[in-house]
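Examining the three-dimensional arrangement
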Amino acid sequence: SQVNYGGSSDAIKLGVWKQWNIDLSGIGGLKSVSSLTIGVNSSGSGRLYIDDIRLYREAPEVVVPVDPGNNGLAAAYSFEGNCQDVSGKGLHGTGQNDPSYVAGVVGQAISLDGTNDYVELPIGNLISSSASMTISTWVNWSGATGNWQRIFDFGTGTANYMFLTPTASAGMTGPLRFAIRQTTSTGESQANAPRTLPTGWHHVAVVIDGDGMMMYLYLDGDLVGSGATLVLPRDLGVTTQNWLGRSQFTADSYFNGQLDEFRIYNRALSAAEVRYLAGDRP
């Protein structure tokens with residue numbers, strides 16, 4: 001019995017994992033299976049990845065992507081040759097030490113050299129007024145040597161910050177990590193992925209749910225880490241050092257790679273909305 005994928009044929013072109021639930025109860029006469037074939041019944045060329053074939057009595061629900069639109073969009077940076085805030089809120093960033101602009105996921109992206117390039121954002125008041133927050137961006141990390149690089153780091157010094165690093169270790173082998181901390185007397189609240197951020201273009205999102213006091217870390221639209229948090233963005237106060245590509249700690253390395261479509265929402269986006277930003281489309 002041949003069962004065809006019921007979604008759009010364009011799904012095969014997307015750079016995200018798509019869940020496909022096949023209802024076996026709809027296949028007549030199925031009693032025993034000796035072989036299973038999965039493939040593409042069309043012309044063309046390319047590479048298709050398939051993972052985690054599982055049998056359930058009741059399959060997990062498929063997350064249907066939802067466009068978040070501009071609901072709660074507090075700042076947005078497309079990096080089309082500059083660091084202007086395209087959300088209309090006027091929170092324009094400033095590139096430091098002459099970062100360059102290259103081809104990105106959408107139009108251009110900002111390229112940071114890992115030496116001293118970074119972007120400064122005037123978002124201190126936004127941080128101090130947000131209980132929930134979502135930070136979403138496309139990242140093309142080079143994987144070049146440099147411990148504790150930062151995709152972003154918003155704070156006011158080494159005891160008051162929230163950051164995202166592609167690899168949380170001194171040996172370049174640690175996991176993709178989001179962490180937030182308010183004082184030296186309390187440890188970090190963390191959300192860790194199982195592994196280091198892969199090189200090449202990937203979508204990364206951090207969701208902070210102020211109501212549930214939880215953090216969620218997404219990679220390419222999939223939830224890869226979560227954790228409870230004792231600290232919310234507003235607990236950091238009006239942060240004064242809000243950087244893309246630079247750490248609050250002077251010994252840490254600058255980010256080496258590119259960033260594109262960096263967005264900040266003052267609400268917790270749903271998993272469906274994160275998938276949409278990661279490139280999944282209905």
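Up top is the structure.
All values reported here derive from a predicted model rather than from experimental measurement.

**Concerning the overall build of the protein**
Check the secondary structure of the protein and you find two helices and 15 strands. Computed over C-alpha atoms, the radius of gyration of the protein comes to 21 Å, within 12% of the 19 Å expected from 2.2 N^0.38 for 282 residues, which places it in the range of a compact globule. Along the first, second and third principal axes, the C-alpha atoms of the protein reach 65 × 40 × 40 Å. Put simply, the protein has 282 residues, and 44% of those count as buried. Intrachain contacts of the protein at a sequence separation of at least 6 include 65% that bridge at least 24 residues. By element, 47% of the accessible surface of the protein is carried by carbon and sulfur atoms, the whole surface being about 14,400 Å². Of the charged side chains in the protein, 17 are positive and 25 negative; the average position of the first set lies 6 Å away from that of the second.

**A word on the nonpolar core**
Core analysis: the largest hydrophobic core is formed by 43 residues, its most contacted members being Phe154, Met162 and Phe262. Top contributing element to this core by residue count: strand β6 (residues 133-141), with four residues. Apart from residues no more than four positions distant in its own chain, Phe262 is found in contact with Ala75, Ala76, Tyr77, Phe79, Leu121, Ile135, Ser136, Thr137, Phe152, Phe154 and Leu244. Listed in part, the nine residues of the second largest apolar core include Ala205, Tyr265, Val274 and Leu277.

**Quick word on the environment of Asp260**
Mapped onto the elements, Asp260 comes out in strand β15 (residues 256-265). Overall, Asp260 belongs to the buried group, its relative accessible area being 0%. As a C-alpha pair, Asp260 and Gly107 span 153 residues in sequence and 8.8 Å in three-dimensional space. When residues no more than four places from it in sequence are discounted, the contact partners of Asp260 are Tyr77, Ser78, Phe79, Gly104, Val105, Val106, Gln108, Ala109, Thr137, Trp138 and Trp201. Within the local environment of Asp260, its side chain forms a polar contact with the backbone nitrogen of Val105, the two atoms lying 2.9 Å apart.

**Focus: the environment of Ala272**
Structurally, Ala272 is set in helix α2 (residues 271-277). Those residues in contact with Ala272 that lie beyond four places of it in its chain are Val63, Val64, Pro65 and Val66.

**Some points on the sheet that holds strand β2 (residues 94-96)**
Strand order in this open sheet of seven strands is β2-β5-β14-β7-β8-β9-β10, and the pairing throughout is antiparallel. Where the open sheet ends on each side, the last strands, each with one partner, are β2 and β10 (189-192). Sheet twist, expressed as the average angle between the axes of neighbouring strands with direction ignored, equals 15°. Sheet topology note: the strand β7 (residues 152-155)/strand β14 (residues 241-244) ladder contains four bridges and is antiparallel. Along β14, the bridge assignment pairs Phe152 with Leu244.

About the cut-offs
- In every chain, residue numbers begin from 1 and rise along the written sequence.
- Where local features are concerned, this predicted model is filtered to residues with pLDDT of at least 70; where side-chain atom pairs are given and counted, the filter is 80 or more; whole-chain, interface and lining totals use all residues.
- The basis for every side-chain value is the complete set of heavy atoms in the structure, and neither hydrogens nor water enter the calculation.
- Helix and strand definitions here come from DSSP, where helices need a minimum of 4 consecutive H or I residues and strands a minimum of 2 consecutive E residues; each element is numbered from the N-terminal end.
- This radius of gyration counts C-alpha atoms alone. The globule rule is 2.2 Å times how many residues there are, raised to the power 0.38.
- Type-normalised accessible area, obtained with a 1.4 Å probe on protein chains alone, sets the label of each residue: buried when under 20%, exposed when over 50%, and partly exposed for intermediate values.
- Note on contacts: a residue pair qualifies if any of its non-hydrogen atoms lie within 4.5 Å across the two residues.
- The method behind every accessible area is Shrake-Rupley, applied with a 1.4 Å probe, and residues are considered shielded solely by the protein chains displayed.
- His residues and chain termini do not enter the charge count, which takes Lys and Arg as positive and Asp and Glu as negative.
- Think of each charge as sitting on NZ of Lys, CZ of Arg, CG of Asp or CD of Glu.
- For the purposes of this section, nonpolar cores are sets of buried Ala, Val, Leu, Ile, Met, Phe, Trp, Tyr and Cys residues that join through side-chain atoms within 4.5 Å.
- In the analysis that follows, any N or O atom pair within 3.5 Å is treated as a polar contact, provided that within protein one partner can donate a hydrogen and the other can accept it, and provided that, for residues neighboring in sequence, both atoms belong to side chains.
- We call two strands paired when DSSP finds no fewer than two bridges between them.
- Comment: axis = line fitted to C-alpha atoms, over the contacting stretch for helices; angle = value between 0 and 180 degrees taken between N-to-C directions.

That is the geometry; function is a separate question.
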